[in-house]
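# Notes for the structure review
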Amino acid sequence: MIGWIKTVLKAILPLGLYVSIMGSGVAALIGYPLLAIAVIMAITPLPNVWYQIHDFPLGKDVIDLLVVCSLVGLWTGSHIQQSARNNILLIMYIVVMYLAVWNASIEYGLSAPITPSNSVFVGWKNYVQMIIMYFLVYHAVPDKERQKQLVYLMLIVFFLIIARDARNFTGGLSFSYDSRAEGPFWQVGLGPNHYGAYIVPLGAIALAMAFYAAHRYWRWFFLVTSVIAVKPLFSTYSRGAWLAALAVLVIFGLLKKRSLLVLVTVVFISWQTLLPEDVVDRISMTETTEGQLESSAGDRVVLWGLAMDLFKEKPLFGNGLDAFELSGVGGQYTNVHNLYLETLAEVGIIGLLFLVTILLKAMHAGWALYRKGRDDFDVGLGLG
C-alpha cells in the first residue's frame, strides 16, 4: 500500500509542481510578479526539483519564462518606482558583457549571438539574469514585510539543502576527491567548489541575522542554520570556501562578537588537533613535504599564467566572453579558477573595472545598511 502511494505521488508531484510554477508566471503577467519572484528564489538552488518538469512544455525554460513574466508584470502592474541607485552602472555592465559575447563570436567563428544556438550567448543570458533579479526585487518588493519574507524563504531553502547533506554525509580518515559533496548542483554541471561558494555567503547572512533577529524563534532558526552549515562546508573540501568562511568570522568578530576572534585564534593555532582528520588532510596536501604545491593548486597557478598571457593579447577589451574555453589554451580546464584573471583575459581592463566597481558598490550598500538600518532586520542583513 505504501509503495503504491509513493508511486502515485511520484507521478503526480511533477505535474503539480509544473502547474504551480506556470500559475505563478500567469499571475506575474497580469501584474502580480511577487509570486513568480518567490518561486524563482525557491527553485533556482534546487535543480534536482525543477529538472523533474523538463519533459513538460517549456519545462526546460521555466526560470527564463518566470523572469520574462515578472518583467512584463512590473509594467502591467505599475510597479516601477524611481530608478534604483545603480541602474546605469548595471545596464552599462550588461552592455559591456554583451559586446564581449560578440567579440568571442567573431573571434572564434560562432553564429550571431542572438539565439540559443550560440553557447556564449546562453551563458551571458544566465549571467545577466542574476542582475535582472536585482531590478525585479527592487521594483516588485518595495515594502519591508515582503522583503523579509523573501529573505526568510531564501534561508529556509538553504536550510533544507544543508540539512540534507549534513545528515547524509560521512567523512573519512583522509581526503578523497570522490567523497566531495556537491549539494543539488551536480544536476547542472556544478561541483563542490560551487557548492562551497553557495554555503559561505548564505551561512554568513544566517549568522548575522541570528545576532539581531528580534523574534526568538527566528533567532534560533538562523543560529541553527549557520551551525548546521559547517558540516556541508567541510564536506565540499573547498579550501577557497574555508578561507572565505574564516574571513567572515574575522569580520564578524571585529564588528560584532569579539568571542569569534578567540575562536578563530584557537582554530588557527590548533587546527591539526581540532578539525576532522579528512579536513586536516585536505589542508595539509596543499603543499608537498618538499614545499611544492600539490597538483590541483599547481595547475591553478599555471592557469593563472595562461590567463595573463591571453590578457596581454588584447588588454583593453579582452578576447571575448568564454575565450579561455574557446581558445583551448587551458587544455582540459575550461575556466581560469580565478574570476578576476578570467575577466581580465576575456573582457579586459574595461570589464574588470566594471566588475570591481559593482562589488565595491555592493559592499558599500551592505555597510550603509548595517550602520544606518532602521531596524534589526536591516542591520542583520546589512552585516550579512
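The text that follows walks through the structure, step by step, so that each part is easy to find.

### Remarks on the nonpolar core
In this structure, L155, Y195, Y198, I199, F222 and F252 are the most contacted members of the largest nonpolar core, which totals 46 residues. Looking at this core, the elements with two or more residues in it are helix 7 (144-168), helix 8 (192-212), helix 9 (216-228), helix 11 (239-255), helix 13 (277-284) and helix 17 (376-383). Sorting elements by how many residues they give to this core places helix 8 first, with 14 residues. Listed in part, the 43 residues of the second largest apolar core include I21, C69, L90 and V96.

### Some details on the packing of helix 7 against helix 8
The N-to-C vectors of helix 7 and helix 8 enclose an angle of 125 degrees; their axes lie 10 Å apart at closest approach. With respect to their mutual orientation, helix 7 and helix 8 come out oblique. Where helix 7 crosses over helix 8, the handedness of that crossing is left-handed. Residue-level inspection shows V151, Y152, M154, L155, F158, I161, I162 and D165 of helix 7 in contact with helix 8, the latter providing Y195, Y198, I199, L202, G203, I205, A206 and M209. Its residues assigned to classes, the contact of helix 7 with helix 8 shows 14 nonpolar, one polar and one charged.

### Here's the deal with the packing of aromatic side chains
Following the criterion strictly, the structure yields 25 aromatic pairs and no others. Judged by centre distance (4.9 Å) and plane angle (45 degrees), the ring pair of Y98 and W124 falls under tilted. Residue Y98 is located in helix 5 (residues 87-107), and its partner W124 is located in helix 6 (residues 119-140); the two are separated by 26 residues in the primary sequence. By relative accessible area, W124 is classed as buried at 14%. These aromatic residues form a ring-pair network of at least three members: Y152, F159, W218, F221, F222 and F377. In this structure, R216 packs its charged tip against the face of Y217, placed 5.1 Å from the ring centre.

### What about the packing of helix 2 (residues 33-43) against helix 7?
Where helix 2 meets helix 7, the closest approach of the two axes is 9 Å, and the angle between their N-to-C directions is 25 degrees. On the basis of their axis angle, the class for helix 2 and helix 7 is roughly parallel. Relative to helix 7, helix 2 is oriented so that their crossing is right-handed. When helix 2 is examined against helix 7, the residues L34, I37, A38, M41 and A42 are found in contact with a partner set consisting of R146, L150, L153, M154 and V157. A breakdown of the residues in the contact of helix 2 with helix 7 according to their chemical character gives nine nonpolar, no polar and one charged.

### Side note on the environment of D278
Positionally, D278 belongs in helix 13. Taking the C-alpha atoms as reference points, D278 and P57, separated by 221 residues in sequence, lie 45 Å from one another. In terms of polar contacts, D278 uses its side chain to reach the side chain of Y237, at 2.4 Å.

### As for unusual backbone geometry
The phi dihedral of Y237 is positive, around 55 degrees, even though this residue is not glycine. Structurally, Y237 can be placed in the loop between helix 10 (230-236) and helix 11. Look at Y237 and you get buried, because its relative accessible area is 1%. Look at H337: it is not a glycine, yet its phi comes out positive at around 60 degrees. Relative to the helices and strands, H337 is located in the loop between helix 15 (323-327) and helix 16 (339-372). Among the residues examined, H337 registers a relative accessible area of 33% and is labelled partly exposed.

### Considering the environment of L353
Mapped onto the fold, L353 is located in helix 16. Overall, L353 belongs to the exposed group, its relative accessible area being 53%. With 232 residues separating them along the chain, L353 and F121 place their C-alpha atoms 22 Å apart.

### What about a nonpolar patch on the surface?
A cluster of nonpolar side chains, contributed by L243, L246, V250, I251, L254, L255 and W367, occupies part of the molecular surface with about 620 Å² of accessible area. Ranked by residues supplied to the nonpolar patch, first place goes to helix 11 with six residues. You can see I251 is positioned in helix 11. By relative accessible area, I251 is classed as partly exposed at 45%.

### What to know about helix 13
Every buried residue of helix 13 is accounted for by D278, V279, V280 and R282. Turning to helix 13, the residues buried within the fold contact helix 10, helix 11 and helix 12 (258-274).

### Digging into the side chain of N118
Here N118 is to be found in the loop between helix 5 and helix 6. Note on N118: relative accessible area 1%, which makes it buried. Only 2.6 Å separates the side chain of N118 from the backbone oxygen of S111, close enough to count as a polar contact. A polar side-chain atom of N118 sits 3.0 Å from the main-chain amide nitrogen of F121. Not counting residues up to four positions away in its chain, the partners in contact with N118 are S105, L110, S111, A112 and P113.

### Considerations on the pattern of salt bridges
The tally for this structure, following the rule as stated, stands at five salt bridges. In this structure, the salt-bridge partner of K144 is D375, at a minimum N-O distance of 2.9 Å. A residue pair is termed long-range when its members are at least 10 positions apart, and K144 in helix 7 and D375 in the loop between helix 16 and helix 17 qualify at 231 residues. Its relative accessible area of 27% is what places D375 among the partly exposed residues.

The rules behind the values
- Residues numbered from 1 in each chain as written.
- Predicted model: local features only at pLDDT ≥ 70, side-chain atom pairs only at ≥ 80, totals over all residues.
- Heavy atoms only, no water.
- Core = buried A, V, L, I, M, F, W, Y, C linked by side-chain atoms within 4.5 Å.
- Buried < 20%, exposed > 50% of the residue type's maximum accessible area, 1.4 Å probe, protein only.
- Helix = DSSP H or I, 4+ residues; strand = E, 2+ residues; numbered from the N terminus.
- Axes fitted to C-alpha atoms, helices over the stretch in contact; angles between N-to-C directions.
- Parallel < 35°, antiparallel > 145°, perpendicular 65-115°, else oblique.
- Left-handed = near helix turned anticlockwise from the far one by under 90°.
- Contact = heavy atoms within 4.5 Å.
- Nonpolar A, V, L, I, M, F, W, Y, C, P; charged D, E, K, R; others polar.
- Phe/Tyr/Trp six-rings, centres within 6.5 Å; stacked < 30°, edge-to-face > 60°.
- Lys NZ or Arg CZ within 6 Å of the ring centre and 35° of its normal.
- Polar contact = N/O pair within 3.5 Å; in protein donor to acceptor, adjacent residues only side chain to side chain.
- Patch = residues over 30% accessible without salt bridge, like charges linked within 9 Å, V, L, I, M, F, W, Y side chains within 5 Å.
- Areas by Shrake-Rupley, 256 points an atom, 1.4 Å probe, with all protein chains shown as cover.
- Salt bridge = Lys/Arg side-chain N within 4 Å of Asp/Glu carboxyl O.

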